[in-house]
Amino acid sequence: MSTAMRSDFKAVLDSTDLAAIPRDLRFHPVQNPQPKTLTPEQVAQFNRDGFIKGLTAYSPAEIANVRQYFDDLLARVVAAGGDSYSISSAHLKYGPVWDILTNPRIVAAVSDLLGENVIGWGSHFFCKMPHDGKSVAWHQDASYWPLSPSKAVTVWLAIDDADTENACMRFVAGSQNFGGMTFRPSDPKEHNVLNQTIDNVEQYGTFVDDVLPAGQFSMHSDLLLHGSEANDSDRRRCGLTLRYASADVHAYMDWNQKGVWVRGGDPTGHWANRPRPSEQ
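Asks: Help me out: how do you make sense of the overall build of the protein in this one?
Replies: Summing up its helical and strand segments, the protein has five helices and 14 strands in all. In terms of overall size, the protein behaves like a compact globule, its C-alpha atoms giving a radius of gyration of 17 Å where 280 residues would be expected to give roughly 19 Å. Long-range contacts, defined here as pairs at least 24 residues apart, represent 84% of the contacts in the protein between residues at least 6 apart. On the protein, roughly 11700 Å² of surface is accessible, and the fraction owed to carbon and sulfur atoms is 51%. When the 25 basic and 33 acidic side-chain charges of the protein are each reduced to a single mean position, those positions are 3 Å apart.

Asks: How should the nonpolar core be read in this particular structure?
Replies: What tends to happen in soluble globular proteins is that the nonpolar side chains get buried as a cluster. Grouped together as the largest cluster of nonpolar side chains are 47 residues, with contacts concentrated most on I87, I106, F125, F217, M219 and Y244. When residues of this core are assigned to their parent elements, the largest contribution, seven residues, is made by helix α3 (residues 60-79). Contacts of I87, omitting those with residues within four sequence positions, involve F70, L73, L74, V77, Y94, S123, H124 and F125. Ranked by size, the runner-up nonpolar core spans 16 residues in total, among them W121, L194, A245 and W271.

Asks: Quick question: what am I supposed to make of the layout of surface pockets here?
Replies: Any empty space left between the atoms is revealed when a probe the size of a water molecule rolls over them. Its volume calculated, the second largest pocket comes out at about 270 Å³. Taken together, 23 residues line the second largest pocket, and the ones lying closest to its centre are V30, D112, L113, L114 and G115. Contributions of two or more residues to the lining of the second largest pocket are made by α5 (104-114) and β5 (152-158). Per element, the largest residue contribution to the lining of the second largest pocket is four residues, and it comes from α5. In terms of residue class, the lining of the second largest pocket is built from nine nonpolar, nine polar and five charged.

Asks: Would you mind showing me how to read the sheet that holds strand β11 (residues 226-228) here?
Replies: Strand pairing in a sheet relies on backbone hydrogen bonds, with the paired strands running either antiparallel or parallel. If you walk across this open sheet you meet the four strands as β3-β11-β6-β9, and the pairing is antiparallel. Sheet topology places β3 (136-139) and β9 (206-209) at the edges, where each strand pairs with a single neighbour. Pairs of neighbouring strands in the sheet enclose a mean axial angle of 25 degrees, with direction left out of account. Both strand β6 (residues 170-173) and β9 contribute to a ladder of four bridges, which runs antiparallel. By the bridge assignment for β9, A173 is matched with T206.

Asks: Even after reading the chapter, I still don't get the pattern of salt bridges, so can you show me in this structure?
Replies: Should the charged atoms of two oppositely charged side chains come close, the side chains can pair. In this structure the tally under the stated criterion is 17 salt bridges. A salt bridge links R243 to D141; the shortest N-O distance between them is 3.5 Å. Placement of R243 in strand β12 (residues 237-246) and of D141 in the loop between β3 and β4 (147-148) is noted, with a sequence separation of 102 residues between them. Of the two residues examined, R243 and D141, each falls in the buried class. Among the ionic pairs, D163 bridges to R235, the shortest N-O distance being 2.7 Å. One end of the pair, D163, is in the loop between β5 and β6; the other, R235, is in the loop between β11 and β12, and 72 residues separate them in sequence. Among the residues examined, D163 registers a relative accessible area of 22% and is labelled partly exposed. For R235, a relative accessible area of 29% gives the class partly exposed.

Asks: When you look at the side chain of T154 in this model, what are you seeing that I'm missing?
Replies: Relative to the helices and strands, T154 resides in strand β5. Reaching out from T154, the side chain makes a polar contact with the side chain of R243 at a distance of 2.9 Å. The residues touching T154, leaving out its near neighbours within four places in the chain, are D141, W145, S218, M219, H220, T241, L242 and R243.

Asks: Would you mind going over empty space enclosed by the protein with me for this structure?
Replies: This model, assessed by the stated rule, comprises one cavity of 30 Å³ or more. As for the largest cavity, its lining consists of 14 residues, and the residues nearest its centre are F126, V136, W156, M169 and H226. Elements represented by at least two residues in the lining of the largest cavity include exactly β3, β11 and β12. In the lining of the largest cavity, the residues fall into six nonpolar, five polar and three charged.

Asks: Hey, could you run me through the sheet that holds strand β14 (residues 260-263) in this one?
Replies: Spatially, β1-β10-β5-β12-β2-β14 is the arrangement adopted by the six strands of the open sheet, whose pairing is antiparallel. Edge positions in the sheet fall to β1 (51-56) and β14, since each has one partner strand and no second. Shown here is a sheet whose adjacent strand axes are inclined to one another by a mean of 35 degrees, direction ignored. As defined by bridge partners, β5 adjoins β12 across seven bridges and the pair is classed as antiparallel. Within the sheet, the bridge partner assigned to L157 lies in β12 and is L240. Strands in contact with helix α2 (residues 40-49) are β1, β5 and β10 (216-221); relative to β1, the strand with the most contacts, it is inclined by about 140 degrees.

Quick notes on the rules
- Residues numbered from 1 in each chain as written.
- Predicted model: local features only at pLDDT ≥ 70, side-chain atom pairs only at ≥ 80, totals over all residues.
- Heavy atoms only, no water.
- Helix = DSSP H or I, 4+ residues; strand = E, 2+ residues; numbered from the N terminus.
- Rg over C-alpha atoms; globule rule 2.2 N^0.38 Å.
- Contact = heavy atoms within 4.5 Å.
- Areas by Shrake-Rupley, 256 points an atom, 1.4 Å probe, with all protein chains shown as cover.
- Lys, Arg positive; Asp, Glu negative; His and termini not counted.
- Charge placed at Lys NZ, Arg CZ, Asp CG, Glu CD.
- Core = buried A, V, L, I, M, F, W, Y, C linked by side-chain atoms within 4.5 Å.
- Buried < 20%, exposed > 50% of the residue type's maximum accessible area, 1.4 Å probe, protein only.
- 1 Å grid on protein atoms, 1.4 Å probe; cavity = no way out; pocket = protein on both sides within 12 Å on 5 of 7 lines; lining within 4 Å.
- Points joined across faces, edges and corners; volume = space filled by probe spheres on them.
- Nonpolar A, V, L, I, M, F, W, Y, C, P; charged D, E, K, R; others polar.
- Pairing = 2+ DSSP bridges.
- Axes fitted to C-alpha atoms, helices over the stretch in contact; angles between N-to-C directions.
- Salt bridge = Lys/Arg side-chain N within 4 Å of Asp/Glu carboxyl O.
- Polar contact = N/O pair within 3.5 Å; in protein donor to acceptor, adjacent residues only side chain to side chain.

Following this line, the structure appears as structure tokens:
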């Protein structure tokens, strides 16, 4: 399997790989005085806090259909030897996930932050089963990705209701303004879904819970500190992360091959424009 087909969080890059890549890990504030979908206040909040939450992508009936699809997909993946965290780069294989990545309601909001030429390149289900004991340690998305400059946004779409009881995501508001941070390899005792941990994050801002009913989504900067606790409840907590970048972002290690032109195009010709897969 090529690097481009692997998880957008899989440990395909070590510190040496990343050090060799010339990356701009500064936060680039959005310059958009007349957004089309978001309000100017929401754009200002993104620049200040690094995130926006409480946006709607699907009605209750629509997200129920998405959930039913995911339930079936998860059953197939588990039967094939995978688990609830292993469905990654899913838009490259599954047509319905490609449809979510290109959802006009989501893309319109992302475009207000990234501009008129937007690439969708990542899709990863983070599904915490009840009492599975796994957390997501404090991290920045940008530290996992061979992209530059840091003009990328993660959409977190709630497939299930996400709240503090079943371990919703948490942000450190304003932490994107500190640029790339030093992390350490996660200790096995942390039971981290990923493999990096940033310590003492309270010094970078205030904690905000990303509580979302199913069908809503949040957007956060690739430099924003975020994570989540283990799900100790009796309810599942599934979210689909969708990754977007401005078309002027350069992707190293063939990660440009993951691309889908979700808004406008790519004047540089760098990003692939992957068609909708036929597999369900």
